[in-house]
Amino acid sequence: MSKVAEQIPTEEMEHPVAPYLRMDRIPHIWCPTCGIGTVVRCYADALEHSKIDLDKVAIVSGIGCTGRVAGYMRLDAFHTTHGRAIPFATGLKLGRPELLVTVFSGDGDLVGIGGNHFIHAARRNLDILVILVNNFIYGMTGGQNAPTTPTTARTSTMPFGNFERPFNLPHLAESCGATYVARWTSLHIRRLTKSFREAISRKGFRFVEVIAPCATLYARLNKLGTGFNLMRFYHDNAVIDHGADTRDLDISFQDRIICGKFVDKERPTYSEMMHEHYRNALGDKFVPLPEEGGMIRDTGEKPDSKGKKPAKSQKRKASASKSSRK
Amino acid sequence: MKTDPSGVLTGQHYLDGDHACGEGAMAAGCRFVAGYPITPSTEVVERISRRFPMMGGTFIQMEDEMASMAAIIGASWTGTKSMTVTSGPGFSLMMENIGLAAMMETPCVIVNVQRGGPSTGLPTNVGQADMMQARWGSHGDYEIIALSPQSPQEAFDVMIDAFNLSEIYRVPVMVMTDECVGHMTEKVVIPKAEDIEIVPRKLTDKPPGEFWPYVADRNMIPEFARAGDGYRFHSTGLTHNERGYPVMSAECQQECVTRLVDKIRLNAEDIVRFEEEDIDGADVVLVTYGITARVARRGIDIARNKGVKVGVIRLIVVWPFPERHIRELAPKIKAFVVPEINYGQIVLEVERCAAGQTLTVLVPHMGGTVHDPEDIANAILEAAK
């Protein structure tokens, strides 16, 4: 770092997304020209412009490069096991229905090892936002073939080129029941942010795929230059086609990438279906799990857990009831 | 604190162990269950799915056991007491996220209605061969707590203990029941709600900004913050520091893993629980647990009628193991006899703790049915010679 930079009074120069990040964990681990940081920035902007209570936003990631996102966001954040971000988020959302739960993870995590959870959460129309950063490759482990790797692209485990057919993720999401489906690249900052804002305001299983460059592995193994070259490629080859038939959204190697919003519809969420069904079946006997969570509270005056003072416990109850007033 | 009465079906019932287990969970305040059907455990969630909508509980049938286990961890982070239920093959699938629950220090309960294994094994018949898997089935070093009931009544009772222990120590707690107890129907007495003591989640009193999720207290247990209470904390399955931030160093690994293990090992004397019978002056002591403790009664009677002084230690908490107790008893007796429906699991612990001071005899049974009491009696008579 230069001396000039050190002299700048940093407290006056806070980055606009700093309040959304764990600045005590910066610098992050992502490579130069990686696209993930851009997607994080767009998500933070979308949160800011959505004017929602950040105390009620939780983020869940799996494993991999994008799996590190939860670790950098200043939200209630969970960095879980490989592929299991969606079922973890399922428990989080159903355990405390008032939360806005975002799953932020990569292609290998969400539709490779976690593919079964992805399709079932979409089928149930679980009320979560799923942001999938697709870099066409397993980055963290060194460039192995992914379920999204375009046919003929080289990866470290397909050294002669990939002969498998990749997923068309918007089609997969829509056919399983997602209510909001969009795809952008990390070049489309403004449109991506708008898409995140829209998705945050919707209900149900919302899915945004973001194509992002992996310069260190995907670009290097395929001799595509740097992240900058990939961004230029997106600029020249991304086609915006809102409402396109998701069956036509396959991505071929170094071919055009169709972007846009493809699905935006209403369908009752898992919780709405459950509540309506139980109300019909059980009438007044149905008691839904409270919006602020199913924690059973101490109504007695004397808490019994070790070392807990009654005065403090009452303070806790007071703050809890404040949050539930909302 | 006293439990929420809405989950307590007070009265005398005629229930099988699986249903009693479900009732125990609801009485303990469990309000989130995720599960996947598997014999012989399914009746637990069938019971719960019928009763939950009337008490503010949510049951979800997930797509597999990996998802079930992940979902209960997520739900537990909202402060909601959470549980999943399975049997052998599903237990294997849960192992990865059991490790996550241990690493994130998430209170939760896993019920394993054991059947014969390995692999698909004997889906509808009894086994006790998952005892070692319960302890260390996930990779890495960690400790859990496991209980084993011998009857439907005890299946109810240990569920309350399981939830309470999971809250006190912030660990996944396993209830290692078996097909026989699960499908055995007996009288079960469910007490009044005001007679059921439950441990609430130990929420932090600190304001947001001063709270870090893995700062441990004197008992090595951190305070808890729920997702959605404004703490904006971070929790990870990676090796982490007190802030819950990943730190990839040997020093942090040392600190993190040592505490995860020691919070159980060093508190083991407070956790272990067993019943003793006729230990003083015994020649042979039977160490037993679960359904085998019931079957062994007949074997003990036969041996006693032939003049052998037989004592019994019946483990209710199996993990952590009552090491000190076995070690101190060993030099005073001729032998430990350990019948179990496997080819030798808990017997290894008995043998280790006996440390060569006395004979340790396994009475194995590969499962499918319980022991023939004669086999247990013969082992006792042989050991008493």
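Rules and cut-offs
- Residues numbered from 1 in each chain as written.
- Chains lettered and ligands numbered in written order.
- Predicted model: local features only at pLDDT ≥ 70, side-chain atom pairs only at ≥ 80, totals over all residues.
- Heavy atoms only, no water.
- Helix = DSSP H or I, 4+ residues; strand = E, 2+ residues; numbered from the N terminus.
- Rg over C-alpha atoms; globule rule 2.2 N^0.38 Å.
- Buried < 20%, exposed > 50% of the residue type's maximum accessible area, 1.4 Å probe, protein only.
- Contact = heavy atoms within 4.5 Å.
- Areas by Shrake-Rupley, 256 points an atom, 1.4 Å probe, with all protein chains shown as cover.
- Core = buried A, V, L, I, M, F, W, Y, C linked by side-chain atoms within 4.5 Å.
- Domains from an automatic or database assignment.
- Buried area = accessible area lost by both parts, 1.4 Å probe.
- Salt bridge = Lys/Arg side-chain N within 4 Å of Asp/Glu carboxyl O.
- Pairing = 2+ DSSP bridges.
- Axes fitted to C-alpha atoms, helices over the stretch in contact; angles between N-to-C directions.
- Polar contact = N/O pair within 3.5 Å; in protein donor to acceptor, adjacent residues only side chain to side chain.
- Expected span 1.5 Å × (residues − 1).
- Arc of directions from axis to C-beta.
- Phe/Tyr/Trp six-rings, centres within 6.5 Å; stacked < 30°, edge-to-face > 60°.
- Lys NZ or Arg CZ within 6 Å of the ring centre and 35° of its normal.

A. Expanded view of the overall build of chain B. Helices and strands together make up the secondary structure of chain B, namely 13 helices and 16 strands. A globule of 385 residues ought to have a C-alpha radius of gyration of about 21 Å, and chain B, at 21 Å, matches this closely. Dimensions of chain B, computed from the C-alpha atoms along their principal axes, are close to 70 × 50 × 40 Å. For chain B, buried positions account for 65% of its 385 residues. Partitioning the intrachain contacts of chain B with sequence separation of at least 6 by distance along the chain shows that 78% fall at a separation of at least 24. Surface accessibility of chain B: about 13,000 Å² in total, with carbon and sulfur atoms responsible for 50%.

B. Quick peek at the nonpolar core. With 94 residues, the main nonpolar core has A:Phe88, A:Leu92, B:Trp77 and B:Phe336 as its most contacted residues. When residues in this core are grouped by element, the largest group, eight residues, is from helix α4 (residues 88-104) of chain B. Residues lining this core come from more than one domain, with at least three contributed by each of domain 1 (5-195) and domain 2 (276-384) of chain B. The contact partners of A:Phe88, leaving out residues within four places of it in the chain, are A:Val60, A:Phe78, A:Thr80, B:Ala70, B:Ala71, B:Ile73, B:Gly74, B:Trp77, B:Leu100 and B:Met104. A:Val17, A:Ala70, A:Val210 and A:Cys259 belong to the second largest nonpolar core, which has 52 residues in total.

C. Main features of the domain arrangement of chain B. Residues and elements named next belong to chain B. Here chain B is described as being made up of domain 1 (5-195) and domain 2 (276-384). One C-alpha centre belongs to domain 1, the other to domain 2, and the line joining them spans 27 Å. Taking both sides of the interface into account, the surface hidden between domain 1 and domain 2 amounts to around 2,000 Å²; carbon and sulfur atoms contribute 56%. Broken down residue by residue, the surface that domain 1 buries against domain 2 is led by Gln128, Met132 and Gln150, which jointly contribute 31%. The interface formed by domain 1 and domain 2 includes three salt bridges.

D. Spotlight on the sheet that holds strand β7 (residues 180-185) of chain A. In space, the nine strands of this open sheet follow the order β9(A)-β10(A)-β7(A)-β8(A)-β4(A)-β3(A)-β1(A)-β2(A)-β10(B), with mixed pairing throughout. Of all the strands in the sheet, the pair left with one neighbour each is β9 (238-240) of chain A together with β10 (234-236) of chain B. Between one strand axis and the next, the sheet turns by 20° as a mean value, whatever way the strands run.

E. Up close: the interface of chain A and chain B. With 56 residues of chain A at the contact, the number on the chain B side is 61 residues. When chain A packs against chain B, the two sides together hide about 5,000 Å² of surface, and 56% of this comes from carbon and sulfur. Where chain A meets chain B, there are five salt bridges. At the junction of chain A and chain B, the tally comes to 28 residue pairs in polar contact (both at pLDDT 80 or more).

F. Representation of helix α11 (residues 270-282) of chain A within the structure. The terminal C-alpha atoms of α11(A), which comprises 13 residues, lie 18 Å apart, in line with the 18 Å expected from a rise of 1.5 Å per residue. Within α11(A), the full set of buried residues consists of A:Tyr270, A:Ser271, A:Met274 and A:His275. Across the axial projection of α11(A), the buried residues extend over an arc of 125°, all falling on one side. What points out from α11(A), more than 90 degrees from its buried face, is the exposed set A:His277 and A:Asn280. Tucked inside the fold, the buried residues of α11(A) contact α4 (85-95) and α6 (115-124) of chain A together with β3 (58-61) of chain B. Just beyond α11(A), the residue with positive phi is A:Gly283, at close to 60°.

G. The arrangement of unusual backbone geometry in detail. In this structure, A:Pro27 follows A:Ile26 across a cis peptide bond, with omega equal to 10°. Along the chain, A:Pro27 falls in the loop between α1 (3-7) and α2 (36-50). In the segment running from B:Gly117 into B:Pro118, the intervening peptide bond is cis, with an omega of 0°. Along the polypeptide, B:Pro118 turns up in the loop between β5 (108-116) and β6 (122-126). A positive phi angle is found at A:Thr33, which is not glycine, with a value near 65°. With respect to the helices and strands, A:Thr33 occurs in the loop between α1 and α2.

H. Highlighting the packing of aromatic side chains. Tallied over the full model, the rule gives 15 aromatic pairs over all chains. With a centroid separation of 5.1 Å and an interplanar angle of 45°, the aromatic rings of A:Phe78 and A:Phe88 are classed as tilted. Here A:Phe88 lies in helix α4 and A:Phe78 lies in strand β2 (residues 76-79), a separation of ten residues in the sequence. One exposure class covers both A:Phe78 and A:Phe88, and it is buried. Across from the ring centre of B:Trp136, 4.2 Å away, lies the NZ or CZ of B:Arg135, which sits over that ring. In this arrangement the basic side chain of B:Arg201 is found over the ring face of B:Phe224, its NZ or CZ atom lying 4.5 Å from the centre.

I. Spotlight on the pairing of strand β16 (residues 359-364) of chain B. Pairing geometry for strand β15 (residues 335-340) of chain B and β16(B), over six bridges, is parallel. Its bridge partner being in β16(B), B:Pro339 is matched across the sheet by B:Val363.

J. Region of interest: helix α10 (residues 227-237) of chain A. Residue and element names in this part refer to chain A. Along α10, the positions that sit buried rather than exposed are Gly227, Leu230, Phe233 and Tyr234. Buried positions in α10, seen along its axis, are confined to an arc of 110° and lie on one side of it. Exposed and facing more than 90 degrees away from the buried side of α10 are Phe228, His235 and Asp236. Residues of α10 that are buried sit in contact with β7, β8 (206-211), α9 (215-221), β9 and β10 (257-264). Backbone nitrogen of Phe228 and a side-chain oxygen of the N-cap are separated by 3.1 Å at the start of α10; the cap is Thr226.

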